[in-house]
Amino acid sequence: MKDLNTFYIRTYGCQMNELDSEILITQLKARNLAQVETETEADIILLNTCSIRDLAEKKVLGKLYEYKKDKKDKIIGICGCMAMSQKETLLKKFPHLDFLIGTNNLLDITKVLDDFLSKNTQMKKLDIDYEKELENFYATRDNKIKASIAIIRGCNNHCSYCIVPQTRGKEVSRDSKSIINEAKYLANLGYKEITLLGQNVNSYGLDKPDQNYLFPDLLYDLNKIDNIDRIRFMTSHPKDITKDLMYAIRDLDKLCEFVHFPVQSGSNKVLKEMRRSYSAEEYLEKVNLLKSITPNATIGTDIIVGFPNETDEDFEKTYKLFELIEYDTAFIFAYSPRQKTYAARKFEDNISNEIKQKRLQKLLKLFHSILEKKYKALIGSKKEVLVESLNKDGIYLKGRTREFEKVIFKGDKSLIGKLQIVEITGFSYQTLKGKVI
Ligand code: 5AD
Ligand code: SF4
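First, a word on what this report is: a plain description of the structure on this page. Everything quoted here is computed from the prediction, not taken from an experiment. Sequence order as written defines residue numbering, which begins from 1 separately in each chain. As a convention, the first chain written is A and the first ligand written is 1, with the rest following in written order. Local features are withheld for residues below a pLDDT of 70 in this predicted model, meaning they are given only at 70 or higher, and side-chain atom pairs are given and counted only at 80 or more; totals for whole chains, interfaces and linings count all residues. Note that water and hydrogens are dropped before the side-chain values are worked out from all heavy atoms of the structure.

1. A word on the site of ligand 1
Close to ligand 1 lie Ile52, Arg53, Tyr161, Gln264, Asp302, Ile304, Phe333, Ala334, Tyr335, Ser336 and Arg338. Contact between ligand 1 and serine 336: a nitrogen atom at 2.7 Å from a main-chain N or O atom of the residue. Values of accessible area rely on a 1.4 Å probe in the Shrake-Rupley scheme; residue burial ignores everything except the protein chains shown. When ligand 1 sits alone it has 400 Å² of accessible area, and the protein chains cover 86% of it. Grouping the amino acids of the shell around ligand 1 by side-chain chemistry returns six nonpolar, two polar and three charged. To be near a molecule or strand, a residue needs just one of its heavy atoms within 4 Å of it. In the analysis that follows, any N or O atom pair within 3.5 Å is treated as a polar contact, provided that within protein one partner can donate a hydrogen and the other can accept it, and provided that, for residues neighboring in sequence, both atoms belong to side chains. Polar here means any residue other than Ala, Val, Leu, Ile, Met, Phe, Trp, Tyr, Cys and Pro, which are nonpolar, and Asp, Glu, Lys and Arg, which are charged; Gly is therefore polar.

2. A closer look at the pattern of salt bridges
Any carboxyl oxygen of Asp or Glu within 4 Å of a side-chain nitrogen of Lys or Arg constitutes a salt bridge here. Per the stated rule, a full pass over the model turns up 33 salt bridges. As a salt-bridge pair, glutamate 384 and arginine 230 come within 3.0 Å of each other at their nearest N and O atoms. In this pair, glutamate 384 sits in strand E15 (residues 382-390) while arginine 230 sits in strand E11 (residues 230-234), placing the two residues 154 residues apart along the sequence. Here glutamate 384 falls in the partly exposed class, since its relative accessible area comes to 27%. Among the salt bridges present, the one from arginine 359 reaches aspartate 312, with a minimum N-O distance of 2.8 Å. Taken together, the positions of arginine 359 in helix H14 (residues 353-378) and aspartate 312 in helix H12 (residues 312-325) put the pair 47 residues apart, joining distant regions of the chain. We count a stretch as a helix when DSSP gives it H or I for four or more residues in a row; a strand needs E for two or more, and each element gets its number in order from the N terminus. Each residue's exposure class comes from its accessible area (1.4 Å probe, protein chains only) as a fraction of the maximum for that residue type: buried when under 20%, exposed when over 50%, partly exposed otherwise.

3. Quick word on the pairing of strand E7 (residues 146-150)
The buried fraction of E7 amounts to four of the five residues, a majority that puts the element mostly inside the structure. Inspection of the sheet shows E7 paired to strand E10 (residues 193-197) by five bridges, in the parallel sense. Among the inter-strand pairings, lysine 146 is bridged to a residue of E10, identified as glutamate 193. Paired strands, as defined in this entry, are two strands with at least two bridges between them according to DSSP.

4. Points about the packing of helix H1 (residues 15-30) against helix H5 (residues 109-119)
Packed helix pairs are specified by the crossing angle of their axes together with the interaxial distance, meaning the distance between the axes. Axis definition: a line fit to C-alpha positions, over the contact stretch in the case of helices; interaxial angles, taken between N-to-C directions, run 0 to 180 degrees. Direction vectors running N to C along H1 and H5 enclose 55°, while the axes themselves pass 9 Å from each other. In terms of orientation, H1 and H5 fall into the oblique class. Within the contact between the two elements, H1 uses Leu24, Gln27 and Leu28 and H5 uses Ile109, Thr110 and Leu113. Its residues assigned to classes, the contact of H1 with H5 shows four nonpolar, two polar and no charged. These descriptions rest on fixed angle ranges, namely under 35 degrees for roughly parallel, over 145 for roughly antiparallel, 65 to 115 for roughly perpendicular, and the rest for oblique. We call two residues in contact when some of their heavy atoms are within 4.5 Å.

These results come straight from atomic positions and should not be treated as a statement about function.
So, in structure tokens, the structure goes:
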């Protein structure tokens, strides 16, 4: 085997996976491996994978077939959710795949690599339990302005369609001191925004009842850290969004006014079969409470269309609820059966792709008309933007408002990393345009 000098990593899926990749990269760099931008240059190829929908898995399988044809002497590893959901099946199916690293074994990457090098046989590390050593591990991030911090990993919910409990195990909250120390460390490095991550951040602390320290407590403590301008969190289960959290959004100056409040469906029949544990009415009541406590907060959602047995009437209920709430961000997905989930075992995937796509497009159209109305009303208003970078076009600066709207405007690069008041002058699609005032 030739000397190992370089690695390439590609990340699929959610923000937690992005953070997990940063953790992997930090260790590989500490082992004197250099990160490269293309597979061709790399001695090691890592795919940090997602299993949430069939399409996410297909992209990775496509890559594995590609590498099968032309592996050369590269080492290939699969990390993340697909390693957990497919396990040995992947190793059997792809004999040229060298190792698997699960979502709870991020800190084993160099050991697995060394074991593979010494034994030259397929390796795997796929624990379902939380990796304790991760408590105090700080990743090095590429972005110097915003950083994610994991506060809770795993998921104890039983949404019938979802594979995440299988791929990430039970909920384990990270020690609050460790989170606060990492946030202070990032503040000292000059970071301006932190995003608290978890499959369900609102459950933070519930697994350690003796400590009597829950998500709002953490938010109040983090809000005291000097130099951090903004705190965000992602993602929430509606059943766990409490009044205390709403008061925290109202009262904490750094906590941004945006709540991801994923409804999934507006039909009680579908919600029940999804095992979401709330009705559309209960959900709406909570949204109304949020709107009354924090009138300026924006609200985001995730929606699944084409869940088994979803009728036109069920879909209409989702449509009506969407229209009523007027979401500010929305991720709309076609149902995709996931192996070993309750829904995949119990129900036939009996809504055709054509109908799923029709429903998806109909909701997207509604979403865009809502945004158009909202963004038109914002013209002339002033917004505080945290300037993140140069926009892709290389002309504008790009940033986000506290309410998570994307804004581009012309300005000097020295504004990057700073808070800037911008007057909204127009918009195109999901991007607001503005000018410095
Ligand atoms: N099919 C389609 N979408 C899904 N999601 C989760 N599981 C599935 C599935 N089996 C969506 C949900 C969730 C988001 C992260 O992905 O809307 O909130
Ligand atoms: Fe994908 Fe869910 Fe795993 Fe994130 S936690 S990578 S969304 S399957």
